[in-house]
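# Breakdown of the fold
One letter stands for each residue in the lines below.
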Amino acid sequence: MNSLKFAFRYLNHCVCARNTKGYGVHSPSMFHFIRYVLTEKYPYYVFRDIEKIRMQLLSNKDVISVTDFGTGKDRNEQVNQIARKSLKNAKQAQLLFRIVQYFGFVNILELGTSLGVTTMYLASSNSKINCTTLEGCPEISKIAKKNFQKLGLTQIRLFNCNIDEKLDLILNDIGRQDLIFIDANHSYEPLINYFETCLRYIGDNSIIVIDDIYWSDGMLKAWKYIKNHPKVSCTIDLFYVGIVFFNPVFTGKNYKVRIT
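To continue, consider the packing of aromatic side chains. Two numbers describe a pair of aromatic rings. These are the distance of the centres and the angle of the planes. Scanning all chains against the criterion turns up 15 aromatic pairs. Taking 5.1 Å as the distance between ring centres and 15° as the angle between the ring planes, the aromatic pair formed by Phe103 and Phe105 counts as stacked. Judged by centre distance (6.2 Å) and plane angle (65°), the rings of Phe103 and Phe250 are edge-to-face. One end of the pair, Phe103, is in helix α5 (residues 90–103); the other, Phe250, is in the loop between β9 (241–245) and β10 (253–256), and 147 residues separate them in sequence. For Phe250, a relative accessible area of 8% puts it in the buried group. Cation over ring: Arg35 sits above Tyr36, and NZ or CZ is 5.3 Å from the ring centre. The ring of Tyr188 carries Lys221 above its face, with NZ or CZ at 4.5 Å from the centroid.

In structure tokens:
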């Protein structure tokens with residue numbers, strides 16, 4: 001996306017996002033979620049260990065072969081360059097941990113493992129979690145698996161596959177999911193396909209989190225479609241991610257929230 005257009009969209013989001021700490025939200029459940037999950041800043045013990053791995057990745061100058069199903073352009077790239085471009089920052093990744101912990105989610109699916117930092121946050125809040133993560137690039141998958149081993153996270157199962165081709169088969173095998181984090185192909189049609197496929201494997205209490213909803217015109221178009229989907233009860237737009245609820249206790253339909 002044009003950087004000027006992206007900056008304008010971010011500025012517009014900041015102007016329109018008025019529920020920073022939950023005030024003005026009439027739904028008690030949504031107020032509590034915004035107040036005690038989105039704006040929570042308590043540093044859990046596991047954060048330090050995961051961030052150490054992030055720092056190792058950011059200093060790793062090894063060159064690997066990158067298979068990119070999203071763009072179709074394979075290339076050689078340094079690990080630290082991949083880390084700088086693809087890893088969610090600490091605050092954003094830790095939000096996923098807080099969501100999983102707050103709801104006590106057990107069955108977690110991630111589309112787009114990358115180097116595994118967000119995966120580790122998703123899988124670390126308790127030992128009962130079953131975390132499945134899908135990554136297209138074999139070399140990136142190898143690095144992610146090594147990172148999981150460093151923290152002893154045996155509850156993570158990584159599938160190295162073309163997500164567009166294998167998602168439905170894998171979901172059919174693992175069954176209903178509590179939380180699904182979509183961070184794969186950042187285009188309109190693939191995102192809609194992921195979302196529609198995932199809808200068949202969730203319940204009323206499930207949540208879908210979608211990364212980079214303003215990344216491109218296609219992503220923004222897909223986000224608008226998802227917000228208006230008849231099965232969606234409510235959404236939260238944090239600019240860097242969109243959070244999708246299906247439980248009718250989360251009312252108010254669409255919120256824009258700015259986290260400070």
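Taken in spatial order, the 8 strands of this open sheet run β5-β4-β3-β6-β7-β9-β8-β10, and their pairing is mixed. In the strand order of this sheet, the two ends are held by β5 (156–160) and β10, each with one partner. Neighbour-to-neighbour, the strand axes of the sheet open up by a mean angle of 15°, direction not taken into account. Across 4 bridges, the pairing between strand β8 (residues 234–237) and β9 is antiparallel. Residue pairing for β9: Ile236 is matched across the bridge by Ile243.

Positive phi outside glycine occurs at Asp212, with the angle close to 55°. Note that Asp212 resides in the loop between β7 (202–211) and α10 (217–227). Positive phi values are uncommon outside glycine, yet Phe239 reaches one of about 75°. Its location among the elements puts Phe239 in the loop between β8 and β9.

Here we come to the pairing of strand β3 (residues 107–111). Most of β3 sits inside the fold, with 4 of its 5 residues counted as buried. Judged from the 5 bridges that link them, β3 and strand β4 (residues 130–135) form a sheet pairing that is parallel. Across the sheet, the residue bridging to Asn107 is Asn130, located in β4. Considered for its hand, the β-α-β crossover made up of β3, helix α6 (residues 117–123) and β4 is right-handed. In terms of strand pairing, β3 meets strand β6 (residues 177–182) through 4 bridges, oriented parallel. The residue of β6 that forms the bridge with Glu110 is Phe181.

As for its position among the elements, Thr132 is in strand β4. By relative accessible area, which is 6% here, Thr132 ends up buried. What Thr132 contacts, discounting residues up to four positions off in sequence, is Ile108, Leu109, Glu110, Arg157, Phe159, Ile170 and Ile174.

Moving on: helix α4 (residues 79–86). Turning to α4, its buried residues number three or more, namely Val79, Asn80, Ile82 and Ala83. With its buried residues spanning 160° around the axis, α4 presents them on a single face. Relative to its buried face, α4 has exposed residues pointing more than 90 degrees away, namely Arg84 and Lys85. Elements that come into contact with the buried residues of α4 comprise α3 (45–58), β1 (63–66), β2 (75–78) and α7 (138–150).

The subject of this paragraph is the state of the cysteines. The final tally for this structure, using the stated rule, is 0 disulfides. Cys161 supplies the cysteine sulfur nearest to Cys137, a cysteine that is in no disulfide, at a spacing of 12 Å. Owing to a relative accessible area of 0%, Cys137 belongs among the buried residues under this scheme.

Our next topic: the pattern of salt bridges. Tallying each qualifying case throughout the model produces 8 salt bridges. The residue Arg54 makes a salt bridge to Glu51 at a minimum N-O spacing of 2.6 Å. Residue Arg54 and its partner Glu51 are located together in helix α3, separated by 3 residues, close to a single helical turn. Neither Arg54 nor Glu51 differs from the other in exposure class; each is buried. One salt bridge in this structure joins Lys85 and Glu77, with 2.5 Å as the shortest N-O distance. The exposure class of Glu77 is buried, given its relative accessible area of 6%. What emerges from the salt-bridge pattern is a single network uniting Arg75, Glu77 and Lys85.

Thresholds applied
Here the residue index of a chain counts from 1 through its sequence in written order. Residue-level local features of this predicted model are given only where pLDDT is at least 70; pairs of side-chain atoms are given and counted only at 80 or more, and the full residue set underlies all totals for whole chains, interfaces and linings. Remark: hydrogens and water are excluded; side-chain values derive from all non-hydrogen atoms of the structure. Each Phe, Tyr or Trp ring (for Trp, its six-membered ring) is paired with any other whose centre lies within 6.5 Å, and the angle between the two planes then decides the class: stacked below 30 degrees, edge-to-face above 60, tilted in between. Secondary structure elements are defined from DSSP: runs of H or I of at least 4 residues count as helices, runs of E of at least 2 residues count as strands, and each element is numbered from the N terminus. Burial here depends on accessible area, computed with a 1.4 Å probe over protein chains only, as a share of the maximum for the residue type. Under 20% is buried, over 50% is exposed, and the range in between is partly exposed. Placement of a charge over a ring requires the Lys NZ or Arg CZ to be within 6 Å of the ring centre, with the centre-to-atom vector within 35 degrees of the ring normal. Note on pairing: two strands pair once DSSP finds at least 2 bridges between them. Throughout, an axis means a line fitted to C-alpha atoms (over the contacting stretch in the case of helices), and angles, computed between N-to-C directions, take values from 0 to 180 degrees. Note on handedness: a clockwise path from strand one over the helix to strand two, with the strands aimed away from the viewer, defines a right-handed crossover. In this description, contact between two residues means that some pair of their heavy atoms is separated by no more than 4.5 Å. Note that the arc is computed from the directions linking the helix axis to the C-beta atoms. Here, a disulfide means two cysteine sulfur atoms that sit within 2.5 Å of each other. Salt bridge, as used here, is a side-chain nitrogen of Lys or Arg placed within 4 Å of a carboxyl oxygen of Asp or Glu.

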